[in-house]
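# Analysis of the macromolecular model
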Amino acid sequence: MNVLQTNEFSKAAKKLPKQQKADVDAAVNVIVADPSIGEMKVGDLAGVRVYKFKINRQEVLLAYEHHAEEITLYLLTLGSHENFYRDLKRAETPGSQGSSDKPKKKK
């Protein structure tokens, strides 16, 4: 399965300490193993799934899209609940600043 990430996800993950990056990698591996594990969103965020996990007893949300026909997982964004959905919706809206984020291959 190809795993691609947006610039927004890459920047958020880059800021994390080494141990927290390992926790994010573990969460991505869980999603790769079962892409339907995240909660499917509706409305403006239709097609986006959000997987919730803990880092240092704090809940973190990871938004992603899974395209079965392409066998691709797109990691959209990562963060705490505060303004998460507002920022995600802004990034998903055509014509917004975030829409220029092109997914790139995860290293």
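Residues numbered from 1 in each chain as written. Predicted model: local features only at pLDDT ≥ 70, side-chain atom pairs only at ≥ 80, totals over all residues. Heavy atoms only, no water.

## Considering the pairing of strand E5 (residues 72–79)
Most of E5 is tucked away: eight of the eight residues are buried. Pairing geometry for strand E1 (residues 2–5) and E5, over four bridges, is parallel. In the sheet register, asparagine 2 faces E5, and the bridge partner there is threonine 72. Taking the residues between adjacent antiparallel strands as the criterion, strand E4 (residues 58–67) and E5 are bridged by four residues, where isoleucine 71 takes a positive phi near 50°. (Buried < 20%, exposed > 50% of the residue type's maximum accessible area, 1.4 Å probe, protein only. Helix = DSSP H or I, 4+ residues; strand = E, 2+ residues; numbered from the N terminus. Pairing = 2+ DSSP bridges.)

## Remarks on the pattern of salt bridges
Applying the stated rule across the entire model yields three salt bridges. Between lysine 89 and aspartate 44 there is a salt bridge whose closest N-O contact spans 3.5 Å. Of this pair, lysine 89 sits in helix H3 (residues 84–92) while aspartate 44 sits in the loop between strand E2 (39–40) and strand E3 (49–55), and the two are 45 residues apart along the sequence. Exposure remark for aspartate 44: the relative accessible area of 59% places this residue in the exposed category. Put simply, arginine 86 and aspartate 87 hold a salt bridge, and the shortest N to O gap is 3.0 Å. (Salt bridge = Lys/Arg side-chain N within 4 Å of Asp/Glu carboxyl O.)

## A few points about the packing of aromatic side chains
All told, the structure shown has two aromatic pairs when counted by the stated rule. Plain terms: the ring middles of tyrosine 51 and phenylalanine 53 are 5.9 Å apart, the flat faces sit at 20° to each other, and that makes the pair stacked. Comparing tyrosine 51 with phenylalanine 53, the two get one shared label, buried. (Phe/Tyr/Trp six-rings, centres within 6.5 Å; stacked < 30°, edge-to-face > 60°.)

## Examining the environment of valine 3
Note on placement: valine 3 falls in strand E1. A sequence separation of 68 residues divides valine 3 from isoleucine 71, and the C-alpha atoms of the two residues are 8.9 Å apart.

## Regarding helix H2 (residues 18–33)
Between its first and last C-alpha atoms H2 spans 23 Å; for 16 residues at 1.5 Å apiece the expected length is 22 Å, and the two agree. Among all positions of H2, only Gln20, Val24, Ala27, Val28 and Ile31 are buried. Take H2 and look down its axis: the buried residues cluster within an arc of 100°, on one side only. The exposed residues of H2 that point more than 90 degrees off its buried face are Lys18, Gln19, Asn29 and Ala33. Check the buried side of H2 and you find it contacts E1, helix H1 (7–14), E3, E4 and E5. (Expected span 1.5 Å × (residues − 1). Arc of directions from axis to C-beta. Contact = heavy atoms within 4.5 Å.)

## Some points on the nonpolar core
In terms of nonpolar packing, the biggest core is built from 17 residues, with Phe9, Val24, Phe53, Leu62, Tyr64, Leu75 and Leu78 touching the most fellow members. For this core, the leading source of residues is H2, giving four residues. Counting residues in each nonpolar core, the second largest holds 10 residues, with Leu4, Leu45, Tyr74 and Leu76 among its members. (Core = buried A, V, L, I, M, F, W, Y, C linked by side-chain atoms within 4.5 Å.)

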